[in-house]
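Geometric and topological summary
Here is how the chains run, residue by residue.
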Amino acid sequence: MAAALDQIPVPFWAVLGPHRALSSYTGPCWRVQRSIDAGEEDIGFDADGWVNKEWLLSVAGGGSLTIVRDYDRTGSGHDGVPDNSTTRPRCVLNGVVDVGPNGHPCPVYDGINDSLAIQNSLGFLRNSSSVTMATISQTSVNSIGILSQAVLPTAPYQINAAIYYASATTMSTQARPEQNVSFNTTLNQVITSGAWVRHIGRVRYADGIVDCMTNGATQSAGISPAQNAADIDASSPLRVGSNAALTSFLNGRLAQSVFAQATIDRAALYAALAPMMP
């Protein structure tokens with residue numbers, strides 16, 4: 001059976017979340033830990049490609065579950081892993097599965113310290129001509145909430161690419177192309193507080209462009225100089241649910257996270273995200 005992202009011809013770098021997303025992936029969705037005895041178990045998918053809700057409830061045993069590992073659907077080992085047992089997003093609370101608007105499971109991030117570090121990701125921005133980051137998320141908390149950020153440790157200013165909530169009513173895409181540029185170029189899109197958002201941010205370093213699509217609305221801006229990102233590895237991993245410095249965290253729900261070291265067509269990816277709305 002075809003999966004949502006099969007229609008996109010560009011290879012993905014990492015795909016995380018409650019949906020299988022790629023039919024080529026045959027492994028589990030999440031590894032979870034239950035609150036009642038700290039037992040862990042891998043959870044697979046149901047026939048519709050969602051993490052199996054009944055399986056989650058069975059493992060929870062009336063307690064809560066947190067995510068120990070979100071397996072990368074590309075099979076490249078770019079799994080999402082929390083830093084420790086206190087920073088895990090939740091997926092079941094006291095025997096009730098955390099869900100999105102369509103009743104499918106969706107992780108909850110606490111806005112305090114929950115985040116996932118993407119494994120083997122120090123080279124994500126290295127010498128990149130372009131990157132694409134996309135998410136499905138929701139928040140009604142009026143504070144900065146980072147969905148994903150990648151940085152390179154350049155001086156005096158860090159090269160970076162990020163997508164985040166600037167507030168409950170503003171979704172932002174941010175980029176800095178070169179270490180001697182003192183400011184970030186930021187695109188801000190007005191959203192409704194509490195609304196579910198499909199957001200795509202692209203940093204086209206070599207073209208000198210940053211652009212985005214937020215619930216169908218598009219923006220773009222120039223960035224200078226137009227050149228590949230620096231040819232060095234990061235010193236901190238690509239993160240989901242927080243910034244690289246671990247000083248700003250998402251307080252809300254984050255379903256799919258999609259990453260590519262390429263420029264993916266925004267309209268095609270936006271359409272592919274629709275059936276993955278939890």
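For clarity, every value in this text was computed on a predicted model and none was experimentally measured.

1. Comments concerning the overall build of the protein
Secondary structure assignment for the protein yields two helices and 19 strands. Taken against the 2.2 N^0.38 rule, which gives 19 Å for 278 residues, the C-alpha radius of gyration of the protein at 18 Å falls within 12% of a compact globule. Along the three orthogonal principal directions, the C-alpha set of the protein runs to about 55 × 35 × 35 Å. Residues counted as buried form 57% of the 278 residues belonging to the protein. Sequence separation of at least 24 residues holds for 67% of the intrachain contacts in the protein that already meet a minimum separation of 6. Accessible area of the protein: about 10300 Å², with a carbon and sulfur share of 47%. For the protein, the distance from the average site of its 16 positive side-chain charges to the average site of its 21 negative ones is 3 Å.

2. With respect to the pattern of salt bridges
Counted according to the given criterion, the structure contains 12 salt bridges. The salt bridge partner of R126 is D231, with a shortest N-O separation of 2.8 Å. One end of the pair, R126, is in the loop between β9 (116–118) and β10 (131–138); the other, D231, is in the loop between β17 (217–222) and β18 (239–240), with 105 residues separating them in the sequence. When its relative accessible area of 36% is taken as the criterion, R126 is described as partly exposed. When salt bridges with common partners are traced through the structure, they connect R202, R204, D207 and D211 into a single cluster.

3. Re the pairing of strand β6 (residues 90–93)
Direction of pairing for strand β4 (residues 65–70) relative to β6: antiparallel, over a ladder of two bridges. Directly across from L65, in β6, lies its bridge partner V92. Bridge analysis of β6 against strand β7 (residues 96–97) gives two bridges, and the strand direction is antiparallel. Note that in β7 the partner of V92 across the bridge is V97. What sits between β6 and β7 in their antiparallel hairpin is a turn of two residues, with N94 showing a positive phi close to 50°.

4. A look at unusual backbone geometry
With the exception of glycine, the majority of residues adopt a negative phi angle, and the majority of peptide bonds are in the trans configuration. The step from A155 to P156 runs through a cis peptide bond, and the omega angle for that step is 5°. With respect to the element layout, P156 can be found in the loop between β11 (145–152) and β12 (159–167). Following S224, the chain continues into P225 via a peptide bond in cis, with omega recorded as 5°. If you check the backbone angles, A38 has positive phi at about 65° while not being a glycine. The residue A38 is located in the loop between β2 (30–34) and β3 (40–43) in this model. Residues other than glycine seldom take positive phi values, yet N120 does so here, at roughly 55°. Assignment of secondary structure puts N120 in the loop between β9 and β10.

5. What to know about the packing of aromatic side chains
The geometry of an aromatic ring pair comes down to the distance between the two centres and the angle between the two planes. For the structure shown, the criterion picks out three aromatic pairs. Relative to F45, the ring of Y25 lies with its centre 6.3 Å away and its plane at 90°, an arrangement referred to as edge-to-face. Of this pair, Y25 sits in the loop between β1 (14–16) and β2 while F45 sits in the loop between β3 and α1 (53–60), and the two are 20 residues apart along the sequence. Taken as a pair, Y25 and F45 share a single burial class, namely buried.

6. Comments concerning the nonpolar core
The biggest cluster of nonpolar side chains holds 35 residues, and the ones touching the most others in it are F124, L125, V203, Y205, V240 and F259. Broken down by element, the residue count for this core peaks at four residues, all from β12. Listed in part, the 23 residues of the second largest apolar core include L5, F12, I136 and Y270.

The rules behind each value
Once a new chain begins, its residue numbering starts again from 1 and follows that chain's sequence as written. Residue-level local features of this predicted model are given only where pLDDT is at least 70; pairs of side-chain atoms are given and counted only at 80 or more, and the full residue set underlies all totals for whole chains, interfaces and linings. Computation of side-chain values: all heavy atoms of the structure, hydrogens and water removed. Elements are defined by DSSP. Helices are runs of H or I of four residues or more, strands are runs of E of two residues or more, and each kind is numbered from the N terminus. The globule rule used for comparison is 2.2 Å times the number of residues to the exponent 0.38, while the radius of gyration itself is calculated over C-alpha atoms. The buried label applies to any residue whose accessible area, calculated with a 1.4 Å probe on protein chains only, is under 20% of its type's maximum; exposed applies above 50%, and partly exposed to all values in between. Note on contacts: a residue pair is in contact if any heavy atoms of the two residues lie within 4.5 Å. Methods summary: accessible areas were calculated by the Shrake-Rupley approach with a probe of 1.4 Å, and residue burial reflects only the protein chains presented. Only four residue types enter the charge count: Lys and Arg as positive, Asp and Glu as negative, with His and the chain ends excluded. Every charge is mapped to an atom, namely NZ of Lys, CZ of Arg, CG of Asp or CD of Glu. Salt bridges, as used here, are contacts in which a Lys or Arg side-chain nitrogen is within 4 Å of a carboxyl oxygen on Asp or Glu. Two strands form a pair only when DSSP identifies at least two bridges running between them. Centres within 6.5 Å make a pair out of two Phe, Tyr or Trp rings, where for Trp the six-membered ring is used; the pair is then stacked when the planes are under 30 degrees apart, edge-to-face when over 60, and tilted otherwise. The definition of a nonpolar core used throughout is a set of buried Ala, Val, Leu, Ile, Met, Phe, Trp, Tyr and Cys residues joined through side-chain atoms within 4.5 Å.

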